[in-house]
Amino acid sequence: MSNAAYITRSSVCLPNPPVENDQVETILGQVGERPSRARRVVQRNNGIRRRHYVIDPATGKPNYTNASLTAAAVKGLVADGFKLDDLACLVCGTSNPDQLMPNHAVMVHGELGAPVCEAVATAGVCLSGATALKYGWMSVASGGARNAVVTGSEVASLVLLAQNYDAERPNAAQVLEASSELAFERDFLRWMLSDGAGALLLEPAPRAGLNLRVEWIDIFSYAHELPACMYMGAEKQSDGALRGWMGYPACEREANSVFTLKQDVRLLNEAVVEYTLVKPLQHVIAQRSLSARDVDWFLPHMSSEYFRAPVVEGLARARLPIPPERWFTNLEWVGNVGSASIYIMLDELLKSGKLREGQHLLCFVPESGRFSSGFIYLTVTAHA
């Protein structure tokens, strides 16, 4: 690319008051006749103590859509020197848009009411926020757009409501085997995911204060080697293939769990570090001549603290041993916000006072959907 692109502003919208661990089932609802037995095990391992939901705890109703939540984050970028009328390119990534069509970005554009602009949506799971950033970076660095606003956002809580799991209660023939409990692969995610949105402004020149120059963004997929691991709107068949929701008659879609979010936990544990960190990072190190001394801050999007030790081991195997004192994560008090997580981390780190001119950040964004990942390399630039 012939030109530079800088992250000149960041903004976050975390809806409603933070939800503590013992409040989760109160807000999402209880599935079945007794509280989840998986909850304490999952919460103990994931290290998350607080998260946010678009569900108003006073009414039990959502007070944001994904589009309005994202628009609120974008509006936080508005300040001296940038207004919504200046927006040239809007790129929005999310796992769960409010509808299948129209795409998420045009719905956000509609919420903003900004004048005509380019609007692009990137699909996927956690990586959709990183691919949105890559599109915005390429648009600005190539000279194709005078600026770009990129976003990552999630509204997972509405998928995780107890009412969506009612059809999964076992029938009489299954009671002895299932003990009236939700299957772990479905229950697991109810204690893992949260809501929020982040937005970044990219421009061809830095603004006053701290900026992040985008050096490169590399995206990898290992879908050719592994089956789907996290999925929704589908059921996994015995051979590992997915049967999508369009393959079910309407009456059957209503009666089964095709629309609940599922995670193949065994496959996740076996493959996620090897195929989203070690293998792709080895390519990055070879191509970019990257070493641990080139990384002042490592920002890993981890779904759970359970994966901290495996990531440490994976970095060592990839020959990029970044010591723990150079890691930055806010999983404990923000939760796993999917595609928005890296935006929320960057915003907090930028405003923390910890960054210095010339420091380098390496962001790691894995996605267990079908084992993809992204690596984002940034340089801190202080401008008078």
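Notes on the structure follow. (Residues numbered from 1 in each chain as written. Predicted model: local features only at pLDDT ≥ 70, side-chain atom pairs only at ≥ 80, totals over all residues. Heavy atoms only, no water.)

Quick look at the side chain of Arg-51 now. With respect to the helices and strands, the residue Arg-51 is situated in strand 3 (residues 50-51). For the buried residue Arg-51, which engages in no salt bridge, the nearest side chain bearing the opposite charge is Glu-20, 6.2 Å off. A distance of 2.7 Å separates a polar atom in the side chain of Arg-51 from a polar atom in the side chain of Asn-21. Within the local environment of Arg-51, its side chain forms a polar contact with the backbone oxygen of Arg-49, the two atoms lying 3.5 Å apart. Once you skip the residues sitting within four places of it in the chain, Arg-51 turns out to touch Pro-17, Pro-18, Val-19, Glu-20, Asn-21, Val-24, Gln-43, Trp-191, Ser-194, Val-334 and Gly-335. (Helix = DSSP H or I, 4+ residues; strand = E, 2+ residues; numbered from the N terminus. Buried < 20%, exposed > 50% of the residue type's maximum accessible area, 1.4 Å probe, protein only. Lys, Arg positive; Asp, Glu negative; His and termini not counted. Salt bridge = Lys/Arg side-chain N within 4 Å of Asp/Glu carboxyl O. Polar contact = N/O pair within 3.5 Å; in protein donor to acceptor, adjacent residues only side chain to side chain. Contact = heavy atoms within 4.5 Å.)

Moving on, we get to the pairing of strand 4 (residues 89-94). Counting buried residues in strand 4 gives 6 out of 6 residues, a clear majority hidden from the surface. Of the two faces of strand 4, the one holding Cys-89, Val-91 and Gly-93 and the one holding Leu-90, Cys-92 and Thr-94 are both buried throughout. Viewed along the sheet, the connection from strand 4 through helix 4 (residues 104-112) into strand 5 (residues 118-122) turns out right-handed. Note: strand 4 against strand 6 (residues 148-154), 5 bridges, orientation parallel. Following the sheet pairing, Leu-90 is matched in strand 6 by Val-149. (Right-handed = clockwise from strand over helix to strand, strands pointing away. Pairing = 2+ DSSP bridges.)

For helix 2 (residues 38-46), the complete set of buried residues consists of Ala-38, Arg-39, Val-42, Gln-43 and Asn-46. Buried positions in helix 2, seen along its axis, are confined to an arc of 115° and lie on one side of it. Exposed side chains of helix 2 directed beyond 90 degrees from the buried face belong to Arg-40 and Arg-44. At the C-terminal side of helix 2, Gly-47 shows a positive phi close to 75°. (Arc of directions from axis to C-beta.)

Along the chain, the position of Leu-299 falls in strand 13 (residues 297-300). Since its relative accessible area comes to 0%, Leu-299 is described here as buried. Separated by 146 residues in sequence, Leu-299 and Ser-153 have C-alpha atoms that sit 18 Å apart.

Here we take up the pairing of strand 8 (residues 209-221). Within a regular strand, side chains alternate between the sheet's two faces. For strand 1 (residues 6-13) and strand 8, the ladder comprises 2 bridges, and the chain directions are antiparallel. Residue Tyr-6 lies in a different strand from strand 8, and its bridge partner there is Arg-213.

Glancing now at the packing of aromatic side chains. Tallied over the full model, the rule gives 7 aromatic pairs. Note on Phe-298 and Trp-327: the rings are 5.2 Å apart at their centroids and 75° apart in plane angle, and the pair reads as edge-to-face. Placement of Phe-298 in strand 13 and of Trp-327 in the loop between helix 10 (308-317) and helix 11 (331-334) is noted, with a sequence separation of 29 residues between them. The burial state of Phe-298 is the same as that of Trp-327; both residues are buried. Joined through ring pairs, the aromatic side chains of Phe-220, Phe-298, Trp-327, Phe-364 and Phe-375 make up one cluster. Over the ring of Tyr-165 we find Arg-190, and its NZ or CZ is 5.3 Å from the ring centre. Directly above the aromatic system of Trp-191 lies the positively charged group of Arg-190, at a separation of 5.6 Å from the ring centroid. (Phe/Tyr/Trp six-rings, centres within 6.5 Å; stacked < 30°, edge-to-face > 60°. Lys NZ or Arg CZ within 6 Å of the ring centre and 35° of its normal.)

Attention shifts here to the pattern of salt bridges. All chains considered together, the criterion is met by 12 salt bridges. In this structure, Lys-262 and Glu-235 form a salt bridge, with 3.9 Å as the shortest nitrogen-oxygen distance. Of this pair, Lys-262 sits in strand 12 (residues 262-263) while Glu-235 sits in strand 10 (residues 234-236); the two residues are 27 residues apart in sequence, bridging distant segments of the chain. The residue Glu-305 makes a salt bridge to Arg-308 at a minimum N-O spacing of 2.7 Å. With relative accessibility at 27%, the residue Glu-305 sits in the partly exposed group. Under the relative-accessibility criterion, Arg-308 is labelled partly exposed at 25%. Taken together, the salt bridges that share partners define one network made up of Glu-274, Glu-313 and Arg-317.

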